[in-house]
Amino acid sequence: MPPVADRPWLVTRPAAAGESLTAALRAAGCDARWLPAFDLGPAPDPQAARAALARLATFDLAVLVSPAAVRATAALLDGRWPSAVPIGAVGRGTVDAVRACFGAAPTVVAPASSEPTEDSADEGGGRADPEASGSEAFWDALTQRTVATGRAPREVLLLRAEQGRDWLRAHFEAAGARVTLLPVYRRVARDWDSDDRAWIAARRHGPAPVLVVTSSEAVDALLAAADTMPDAAALRAWLQRGRALALHPRIVERLHAAGFGDVACVPCVADALQAAAG
C-alpha cells in the first residue's frame, strides 16, 4: 500500500464541517479534496412545514435529527420554541445547535455522551464517537427518561430531511407512539464541477484514494457522481480500491454492499482519520 501522504483524500462530508475537516487534513500535509455528497437546502414545502410547526405544542416530543434540522426549524419558527415541548437530539452537535438557536428553555433529551453520528454528523457538528451516539444511544436515553418519569411520548414529531432516521421511526411506532414526519430541509446530491473533475482526472491513475464517508446516502451520491465521468467503470474501480473511513457501522455495511473492500469505522476528526488511513 502506498504511504498515506501519497494518496489523495476525498472528503464527502457536507456543510461547514466538511470544509473545515478538509482544511485540517490539508494543513497536516494530505492531498485532500472536499467533494460534499450533498448541498443542503430549505424545506421542500415551507408553507406546509410552517403549518405543521404551528401545532408543535400538541406533540409530546420533537426529535431534531441534526444541526441542519435545528437551524432549518429555527428559521421556520423565527427562533421561538414552546418551552413545554421537549426536544430529542441524537448528537452533541445537535444539542449545541438547539442551545444556540433556542436558548436554555427547552428540555433536551440526548445521550449522556452525546456526539453527532451518521446523518447528523453528515450535516455539521463536532467530532463523533460512533460507539456512544446515534439513534440507538438516543433511544437508550429516552428509555431512561421514560422509566424515571413514568410517561412515554405518544405523539412524536420527527424533524428531518426528506429521508433519514427510519430506525427511530420504527422504534417509536413499535412502542405505540404516533410519529409525524416533517421535512424541514432537503439534501440534494451534488454533482462534481469542472474543478472537481480535473482534480480527480489528475489522480485517478495513481494510488487509490482515502475516502471519508459520513452517511450511508453519501455512498450512492459518490458513485453517482463517478458515473458522470469518462471511463466511469474504471473510476468506480479506483474508488473501490481505496480505503474508506466511515463514521458509523451502518455506513460500513453500505460501503461493503457497494463493493468497497477496505473499510474502517473511525471518528470523524483529522487526527483519528490520519491514524486509520495507513
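Rules and cut-offs
Residues numbered from 1 in each chain as written. Predicted model: local features only at pLDDT ≥ 70, side-chain atom pairs only at ≥ 80, totals over all residues. Heavy atoms only, no water. Helix = DSSP H or I, 4+ residues; strand = E, 2+ residues; numbered from the N terminus. Buried < 20%, exposed > 50% of the residue type's maximum accessible area, 1.4 Å probe, protein only. Phe/Tyr/Trp six-rings, centres within 6.5 Å; stacked < 30°, edge-to-face > 60°. Lys NZ or Arg CZ within 6 Å of the ring centre and 35° of its normal. Pairing = 2+ DSSP bridges. Contact = heavy atoms within 4.5 Å. Axes fitted to C-alpha atoms, helices over the stretch in contact; angles between N-to-C directions. Core = buried A, V, L, I, M, F, W, Y, C linked by side-chain atoms within 4.5 Å. pLDDT = per-residue confidence, 0-100. Salt bridge = Lys/Arg side-chain N within 4 Å of Asp/Glu carboxyl O.

Caption draft 1: View of the environment of Leu53. Along the chain, Leu53 turns up in helix 2 (residues 46-53). For Leu53, a relative accessible area of 4% translates into the label buried. Expressed as a C-alpha distance, the spacing of Leu53 and Leu157, which sit 104 residues apart in the sequence, is 9.3 Å.

Caption draft 2: Highlighting the packing of aromatic side chains. Per the counting criterion, the structure on display carries two aromatic pairs. Consider the rings of Trp81 and Phe102, whose centres lie 5.2 Å apart with planes at 55°: the pair is tilted. Here Phe102 lies in helix 4 (residues 92-102) and Trp81 lies in the loop between helix 3 (67-77) and strand 5 (87-89), a separation of 21 residues in the sequence. For the residue pair Trp81 and Phe102, the accessibility class agrees, reading buried in each case. Seen from the ring of Phe38, Arg187 lies directly overhead, with NZ or CZ sitting 5.1 Å from the centre.

Caption draft 3: Summary view of the sheet that holds strand 5. A sheet is described by the order of its strands in space; here five strands give the open sequence 6-5-4-7-8, paired in parallel fashion. With partners counted over all chains shown, the strands left at the sheet margins are strand 6 (108-109) and strand 8 (178-183), one partner each. As defined by bridge partners, strand 5 adjoins strand 6 across two bridges and the pair is classed as parallel. Paired with Gly88 across the bridge in strand 6 is Val109. Along the sheet face, helix 4 touches strand 4 (61-64), strand 5 and strand 6 and points at about 145° away from the line of strand 5.

Caption draft 4: Here's a closer look at unusual backbone geometry. The phi dihedral of Ala15 is positive, around 65°, even though this residue is not glycine. Relative to the elements of secondary structure, Ala15 occurs in helix 1 (residues 15-27). On the basis of relative accessibility, which here comes to 23%, the residue Ala15 falls in the partly exposed class. We note that Asp231 has phi near 55°; this positive angle belongs to a residue other than glycine. Its place among the elements puts Asp231 in the loop between helix 9 (216-226) and helix 10 (232-241). With a relative accessible area of 57%, Asp231 lands in the exposed category.

Caption draft 5: Main features of the nonpolar core. In this structure, Trp9, Trp192, Ile200, Leu245, Leu255 and Phe260 are the most contacted members of the largest nonpolar core, which totals 45 residues. If you tally residues by element for this core, the top one is helix 9, at seven residues. Counting 41 residues, the second largest nonpolar core, distinct from the first, contains Trp139, Leu142, Leu159 and Phe172.

Caption draft 6: Main features of the sheet that holds strand 11 (residues 243-246). Spatially, 2-1-10-11-12 is the arrangement adopted by the five strands of the open sheet, whose pairing is parallel. Strand pairing shows two members of the sheet lacking a second neighbour, strand 2 (31-34) and strand 12 (262-265), which therefore form its edges. Shown here is a sheet whose adjacent strand axes are inclined to one another by a mean of 20°, direction ignored. Here four bridges tie strand 11 to strand 12, and the two strands are oriented parallel to one another. Across the sheet, Arg243 pairs through a bridge with Asp262, a residue of strand 12. Its contacts with the sheet place helix 12 (residues 270-277) against strand 1 (8-11), strand 10 (210-213) and strand 11, and it is angled at close to 145° to strand 11.

Caption draft 7: View of the confidence of the model for the chain. Across the chain, the average pLDDT comes to 89, with 91% of residues at 70 or higher. Highest mean pLDDT in the chain belongs to strand 1 (98); lowest belongs to helix 5 (residues 119-122) (43). In this model residues 114-122 is a low-confidence stretch, pLDDT under 50, and it forms 56 contacts with partners more than four residues away in sequence or in other chains. Scored below 50 in pLDDT, residues 124-133 shows 33 contacts in the model against residues more than four places distant or in partner chains.

Caption draft 8: Geometry of the pattern of salt bridges. Under the criterion given, the structure shown has 15 salt bridges. Note that Arg250 is salt-bridged to Glu136, the shortest N-O span being 2.7 Å. Highlighted residues: Arg250 in helix 11 (residues 249-257) and Glu136 in helix 6 (residues 135-149), separated in sequence by 114 residues. Note on Glu136: relative accessible area 28%, which makes it partly exposed. Across the pair Arg186 and Glu162 runs a salt bridge, and its minimum N-O distance is 3.9 Å. In this pair, Arg186 sits in strand 9 (residues 185-189) while Glu162 sits in the loop between strand 7 (155-160) and helix 7 (166-174), placing the two residues 24 residues apart along the sequence. Look at Arg186 and you get partly exposed, because its relative accessible area is 35%. Look at the salt bridges and you will find they share partners, linking Arg33, Arg190, Asp193 and Asp196 into a network.

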